[in-house]
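# Geometric and topological summary
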Amino acid sequence: MIAVLVTNTKGGCGKTTIATNLAAAFAASRLTTALANVDRQRSAMQWLAARPSRLPAIRGLDWRKDIGEVPDDVQRLVIDAPAGLRLRQVDQLLTEADVVLVPVQASAFDVDSTRRFLDRLGELKPVRKQRKGVFLVANRVRPRTRASRRLDQALAELGHPVAARLADRALYAELAATGLGVFDVGGSVAVEARREWLDLVHAVEDSLA
Amino acid sequence: MCTPAALERIAASGVLDSHLVGEPSVAHLVNIYFDTDDLRLARRRVSLRLRRSGNRRYLTLKCEGGGGPSLDRRSEWEVEITADSPDLAAFRDPAVHDVVGAVLPGELQPRYVSEIERRTLPVAWIDAQGRPGRVEVAFDRGRIAAGRSEEPVAEVEIELVGGSAQVLYEIAERLRAVAPLRLGAMPKAARGHMLLTGEPPRPRKAGRIVLERAATVADAMQTVFRRCIAHALANEVPARIGADIEGVHQLRVALRRLRSALSLFAPALPEAGRQRWVDEARWLLGCLGPCRDLDVLGEELLPSLAAAAPLLAPRLEALRALADAERRRAQGEVSAAIDSQRCGDLFLQLACWTEQGGWRSAATGTVLATQQAPLLDFAAGVLDRQHRRVRKRGRRFAELDAAGRHRLRLAVKKLRYALEFFADLFAGKRVDPYLDRLADLQEVLGEQNDIAVSRLVAERLATDATGPALPEVAFGAGMLVGWQSHRAVVLEARVGRLWEEFRAARPFWSPGEAAA
Ligand SMILES: Nc1ncnc2c1ncn2[C@@H]1O[C@H](COP(=O)(O)OP(=O)(O)OP(=O)(O)O)[C@@H](O)[C@H]1O
Ligand SMILES: [Mg+2]
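Residues numbered from 1 in each chain as written. Chains lettered and ligands numbered in written order. Predicted model: local features only at pLDDT ≥ 70, side-chain atom pairs only at ≥ 80, totals over all residues. Heavy atoms only, no water.

Residues and elements named next belong to chain A. The interhelical angle for the contact between helix H4 (residues 108–123) and helix H6 (residues 146–158), taken along N-to-C directions, is 10°, at an axis separation of 11 Å. In terms of axis orientation, H4 runs roughly parallel to H6. On H6, the residues touching Val111, Thr114, Arg115 and Leu118 of H4 are Leu151, Ala154, Glu157 and Leu158. Residues of the contact of H4 with H6, tallied by class, amount to five nonpolar, one polar and two charged. (Axes fitted to C-alpha atoms, helices over the stretch in contact; angles between N-to-C directions. Helix = DSSP H or I, 4+ residues; strand = E, 2+ residues; numbered from the N terminus. Parallel < 35°, antiparallel > 145°, perpendicular 65-115°, else oblique. Contact = heavy atoms within 4.5 Å. Nonpolar A, V, L, I, M, F, W, Y, C, P; charged D, E, K, R; others polar.)

Here it is, written out as structure tokens:
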């Protein structure tokens, strides 16, 4: 099994969007996939509840109270962490994970708080000893804008590889409401989005191969 | 595997005609190999093939295991499908997805194709012991194409349908007598991948050998020889191409292990058969030696010297250029040796001998009894002898001259290979300390030997150099010899201590302490 933890103490940066879409991508690859919900707001669980039954199934794990068992046959686990976690809680989730994804948005405010988060994350043993890969995911990017150029610079200074750049798209709100991921919708709408997501999936898969 | 011309000669020879038990059948096989844009499957050593045969379609996933082709098992899944696209969901077994990882719809595209005309002959054959066997002999002719590059395919595949497995090898030898034939070192998928990327397969290490504790000596020999052959075959192409110096090195390791095995198992081998493989292995090792020496010089010693003395590094250039030229020539000799039929025969016939238990014929008296003896006692005896031999060679260690050190190094190496074959049969807390100390000792003795060899090579290059480059080559060679002499002094200070530590290590293989 490969477990991916999506985390950043900053709220609203795209953790749930990334966790749900990544889980849907694994499921679309026919991997037995589970999505663990740690957030009291239950946003990942709501997404799962809306997911149509014709699509490859994703198992929901309710980790709001405690970190629970992961069924043996699960091949990919995605953990959606809530905002504002304490370091001790991040550390606990970290023991369950093989790869960590940290979403970052293009505001100066987000970059600063992400830097603080990464500094603290870096103190945790598995990260410090480089036993777990930590990747940044640039989110809500508006290509060819000043903001996106500034974000690129800021990301380069954060000292972790950028696994993918996800553009700002209205599509995500729709997907969130209907339990779908970018790989579950056909047609041309999602073509470009899918390309961005392939980068993310490859980064996760290659980091462990 | 053979040349197209050899295949035609074999097919036309009619050697199998009198053994046919039915009509030959002909099938046109189109295999399309799929991978992602970033060739993730290949990187995971997986191949995904869609085979069209008539109007049926099969999807096959092969996952390459440890050593090499033909003699090693691979995990494999196959399903019949109806569409012409490779839908991984067709495999019901979730383990398939553990192997391939996340592959999203649309990511898989055709990367290379093989088109083969397969002519299959149903054959009945009586082996030398009078036992019947049924086989299918398939002649594959065609091509593998990736983009605009392509190459021909000419292969004979012999598959046992029932009865005596020995028939396989007897037929192989019979066909070999008609025209040159060798064991295929690369499966078709690997050839396609090489065509596609231009990258040769990566050199392979030997991998662990696991022997059954309840095995006989003959069983163990078969496993060990098989693994040596697979290790050698896996490195044939990397060594022939020479893009990575590890290829020649690993092929040499495989042959050395083979030679050690032939010597360690000598009490269970009839002398005539054994000597033949010893001679052939020695021949091929001899063809690889000069190339390896220059590899070590060019890729290891000169760079480390240049790094240690950056100001003088430019003055190594003439030596490096000469060494590179020599290396290319030596590589040419390596490639010619590997391509030669002598090398092809070595592995084909050694494999036949191994699979048939060729050591049984001509075995008499104690040799035969040893073959049937339990492995555990035999292994303990071998380790005992080799251990004592090392101790003897190292007696009065401080006074050993260069030749004495050399003999000690060889004995240590042989003990080391014996342990690679047998150590897993035993358990206990003495195993690791013993292995560690031996490995430490071997490493330093090996480095000392590398130093001695590099001095000879540098000296020879300096002697052979002519013309205006001579003074610079000589200067560089002098630098290298000086630097190596210094390293030799440093190592000398360590080796005595390592020898004493090894002497203090206690053997762990008395049969009473065999792993539970
Ligand atoms: N790439 C994007 N393009 C457009 N909208 C996005 C994108 N990523 C996230 N959003 C939107 O931003 C909002 C917050 O995203 P999301 O819920 O994924 O963040 P979060 O980090 O999980 O938040 P919280 O900290 O509250 O858990 C959502 O409305 C989501 O649809
Ligand atoms: Mg959330």
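Bringing the nonpolar core into the picture now. Within the largest apolar cluster, 102 residues are counted, with the highest numbers of intra-cluster contacts made by Phe225(B), Phe265(B), Leu297(B), Phe347(B), Leu375(B), Leu419(B) and Phe422(B). Element by element, the count of residues in this core is highest for helix H8 (residues 271–308) of chain B, at 15 residues. If we ignore the near neighbours within four places in the chain, the residues touching Phe225(B) are Leu258(B), Ala261(B), Leu262(B), Leu269(B), Trp353(B), Thr354(B) and Trp359(B). Of all hydrophobic cores here, the second largest spans 43 residues; its members include Ala23(A), Leu180(A), Val185(A) and Ala193(A). (Core = buried A, V, L, I, M, F, W, Y, C linked by side-chain atoms within 4.5 Å. Buried < 20%, exposed > 50% of the residue type's maximum accessible area, 1.4 Å probe, protein only.)

Moving on, we get to the interface of chain B and chain A. With 14 residues of chain B in contact, the opposing surface of chain A contributes 15 residues. Carbon and sulfur atoms supply 55% of the area that chain B and chain A bury against each other, a total of about 1200 Å² over both sides. On the chain B side of the interface with chain A, the three residues burying the most area are His97(B), Ala102(B) and Leu104(B), jointly 40% of the side's total. Note that Arg43(B) is salt-bridged to Asp206(A), the shortest N-O span being 3.4 Å. Summed over the shared surface of chain B and chain A, the number is ten residue pairs in polar contact (both at pLDDT 80 or more). For the side of chain B that touches chain A, the elements supplying multiple residues, two or more each, are helix H2 (40–43) and helix H3 (95–100) of chain B. (Buried area = accessible area lost by both parts, 1.4 Å probe. Salt bridge = Lys/Arg side-chain N within 4 Å of Asp/Glu carboxyl O. Polar contact = N/O pair within 3.5 Å; in protein donor to acceptor, adjacent residues only side chain to side chain.)

This part covers the site of ligand 1. Residues and elements named next belong to chain A. For ligand 1, the set of nearby residues contains 15 residues, the closest of which are Gly12, Lys15, Thr16, Thr17 and Asn139. At 2.9 Å, a backbone N or O of Gly12 approaches an oxygen atom of ligand 1. In the model, a nitrogen atom of ligand 1 is placed 3.4 Å from a nitrogen or oxygen of the Asp168 side chain. Protein burial of ligand 1: of its 620 Å² of free accessible surface, 78% is covered by the chains. Where the shell around ligand 1 is concerned, the elements lending two or more residues are helix H1 (15–28) and strand E6 (133–141). (Near = heavy atom within 4 Å. Areas by Shrake-Rupley, 256 points an atom, 1.4 Å probe, with all protein chains shown as cover.)

Residues and elements named next belong to chain A. Taking strand neighbours across the sheet as the criterion, the seven strands line up as E3-E2-E4-E1-E5-E6-E7 in an open arrangement whose pairing is parallel. Because the sheet does not close on itself, it has two edges, and the strands there are strand E3 (58–62) and strand E7 (162–167). Between one strand axis and the next, the sheet turns through 20° on average, direction left out of account. In the packing of helix H2 (residues 43–50) onto the sheet, the strands contacted are strand E2 (33–37), E3 and strand E4 (76–80), and the crossing angle to E2 comes to about 140°. Packing against the sheet, helix H3 (residues 87–96) makes contact with strand E1 (2–6), E4 and strand E5 (99–104), and its axis sits at approximately 155° to E1. (Pairing = 2+ DSSP bridges.)

Here we come to the sheet that holds strand E7 (residues 149–163) of chain B. Picture the strands of a sheet paired through backbone hydrogen bonds; they go either parallel or antiparallel. Residues and elements named next belong to chain B. Spatially, seven strands are ordered E4-E3-E2-E1-E5-E6-E7 in an open sheet, and the strand pairing comes out antiparallel. This sheet does not close on itself; its edge strands, each paired only once, are strand E4 (75–81) and E7. Within the sheet, the average angular offset between the axes of one strand and its neighbour, ignoring direction, is 25°. Those strands touched by helix H5 (residues 188–197) are strand E1 (25–35), strand E2 (46–53), strand E5 (109–126), strand E6 (132–146) and E7, and its axis lies near 170° from that of E7.

Glancing now at a negative patch on the surface. Among the surface-exposed residues, Asp244(B), Glu299(B), Glu300(B), Asp324(B) and Asp450(B) lie close enough to one another that they form a single negatively charged patch. Residue position: Glu299(B) is located in helix H8. (Patch = residues over 30% accessible without salt bridge, like charges linked within 9 Å, V, L, I, M, F, W, Y side chains within 5 Å. Lys, Arg positive; Asp, Glu negative; His and termini not counted. Charge placed at Lys NZ, Arg CZ, Asp CG, Glu CD.)

The next thing to look at is the domain arrangement of chain B. Partitioning chain B into structural domains gives domain 1 (1–199) and domain 2 (373–504). Taken over C-alpha atoms, the centre of domain 1 of chain B sits 43 Å from the centre of domain 2 of chain B. (Domains from an automatic or database assignment.)

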